[in-house]
Amino acid sequence: MTIPDAKADLRFYLQSARDALLWKLDGLPEYDVRRPLTPTGTNLLGLVKHAAGVELGYLGDTFGRPSGEPQPWVTEEAEPNADMWATAEETREELVALYHRAWAHADATIEALPLDAVGRVPWWPAGRDEVTLHHAVVRVIADTHRHAGHADILRELIDGAVGMNEGNASMAEGDATWWRRHRERVERAAREAGGTAG
């Protein structure tokens, strides 16, 4: 039995989440990539901005490898949640380019260091701030996949587009009628279970 390359596995799952998150912006007008679709303001471009900062922090600063990328939204002076939305002055192109640079910086850290390398997370409490590269990469993968899931739902709410990526819908096959009936069946089951007449 061949022992798998752990770094290759980690990079594969990290890249698949990155690609899925960015794909959700494709073909949408500026307003739709920015508009808040939940009561807490969750939006597509904000998820990308946040994900870029997560990679630069956990897979850069944490291991003494600062990127030099300005991120005014993560300073102590920044307003709460500033990393989760794009200002009118921040362009989609700039934030997507930042995310690509964050990928390159993070990938260079993964390549340069052993998975058991220990770093310190600057924003964690002293004495509980040590983390291995392996732990940090897994954390970033989990965070990115979580936000790619958020993006899946946001994109479906915007224009009905679904799927993991352009070549993989990862959905049951069905036309609009099938999906409408499926949704009605799910709604009926929820009402029956919840005791709600409908």
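Calculation notes
Residues numbered from 1 in each chain as written. Predicted model: local features only at pLDDT ≥ 70, side-chain atom pairs only at ≥ 80, totals over all residues. Heavy atoms only, no water. Helix = DSSP H or I, 4+ residues; strand = E, 2+ residues; numbered from the N terminus. Phe/Tyr/Trp six-rings, centres within 6.5 Å; stacked < 30°, edge-to-face > 60°. Buried < 20%, exposed > 50% of the residue type's maximum accessible area, 1.4 Å probe, protein only. Core = buried A, V, L, I, M, F, W, Y, C linked by side-chain atoms within 4.5 Å. Contact = heavy atoms within 4.5 Å. Expected span 1.5 Å × (residues − 1). Axes fitted to C-alpha atoms, helices over the stretch in contact; angles between N-to-C directions. Parallel < 35°, antiparallel > 145°, perpendicular 65-115°, else oblique. Left-handed = near helix turned anticlockwise from the far one by under 90°. Nonpolar A, V, L, I, M, F, W, Y, C, P; charged D, E, K, R; others polar. Salt bridge = Lys/Arg side-chain N within 4 Å of Asp/Glu carboxyl O.

Re unusual backbone geometry
Backbone geometry places Asn-81, a non-glycine residue, at a positive phi of 70 degrees. For Asn-81, the position within the fold is in the loop between α3 (44–58) and α4 (92–112).

Examining the packing of aromatic side chains
Applying the stated rule across the entire model yields four aromatic pairs. Judged by centre distance (5.2 Å) and plane angle (75 degrees), the rings of Tyr-99 and Trp-103 are edge-to-face. On the criterion of helical spacing, the pair formed by Tyr-99 and Trp-103 is a turn pair, its members being four residues apart in helix α4. Residue class for Trp-103 comes out buried when judged on its relative accessible area of 10%. Site record: aromatic cluster; members linked through ring pairs are Tyr-58, Trp-123 and Trp-124.

Considering the environment of Tyr-13
Its place among the elements puts Tyr-13 in helix α1 (residues 6–23). By relative accessible area, Tyr-13 is classed as partly exposed at 48%. On a C-alpha basis, the gap between Tyr-13 and Thr-144 in space is 9.7 Å, while along the polypeptide they are 131 residues apart.

Overview of the nonpolar core
If you look at the biggest cluster of nonpolar residues, it comprises 27 residues, and the most contacted ones within it are Leu-21, Leu-25, Leu-44 and Tyr-99. Mapped onto this core, the elements with two or more residues apiece are α1, α3, α4 and α5 (133–159). Discounting chain neighbours no more than four positions away, the residues touching Leu-44 are Lys-24, Leu-25, Leu-28, Asp-32, Val-33, Ala-151, Leu-154 and Ile-158.

Some words on helix α6 (residues 176–194)
When the terminal C-alpha atoms of α6 are compared, their 27 Å separation across 19 residues agrees well with the 27 Å that a helix rising 1.5 Å per residue should span. Looking one or two residues beyond α6, the residue adopting positive phi is Gly-195, at roughly 70 degrees.

Topic: the packing of α1 against α3
Put simply, α1 and α3 touch, their axes get as near as 10 Å, and they point 155 degrees apart. When the axis of α1 is compared with that of α3, the two are roughly antiparallel. By crossing handedness, the relation of α1 to α3 is classed as left-handed. Contacts from Leu-14, Arg-18, Leu-21 and Leu-22 in α1 reach Leu-47, Val-48, Ala-51 and Glu-55 in α3. Tallied by class, the residues present in the contact of α1 with α3 amount to six nonpolar, no polar and two charged.

Some remarks on the pattern of salt bridges
Working definition: two side chains of opposite charge can pair if their charged atoms are close together. Tallied over the full model, the rule gives 14 salt bridges. When the shortest N-O distance is used, the salt bridge between Lys-24 and Asp-152 registers 3.1 Å. One end of the pair, Lys-24, is in the loop between α1 and α2 (30–34); the other, Asp-152, is in helix α5, and 128 residues separate them in sequence. Ionic pairing is found between Arg-120 and Asp-129, a salt bridge with its closest N-O pair at 3.1 Å. Relative accessible area serves as the criterion here: at 11%, Asp-129 is assigned to the buried category. Among the charged side chains, a salt-bridge network with shared partners connects Arg-18, Glu-55 and Asp-107.

Thoughts on the packing of α3 against α5
With their axes 10 Å apart at the nearest point, α3 and α5 run at an angle of 175 degrees to one another. Here α3 lies roughly antiparallel to α5, going by the angle between them. Residues Leu-44, Leu-47, His-50, Val-54, Glu-55 and Tyr-58 of α3 form the contact with α5, whose participating residues are Ala-136, Arg-139, Val-140, Asp-143, His-147, His-150, Ala-151, Leu-154 and Ile-158. For the contact of α3 with α5, the per-class residue count stands at nine nonpolar, three polar and three charged.

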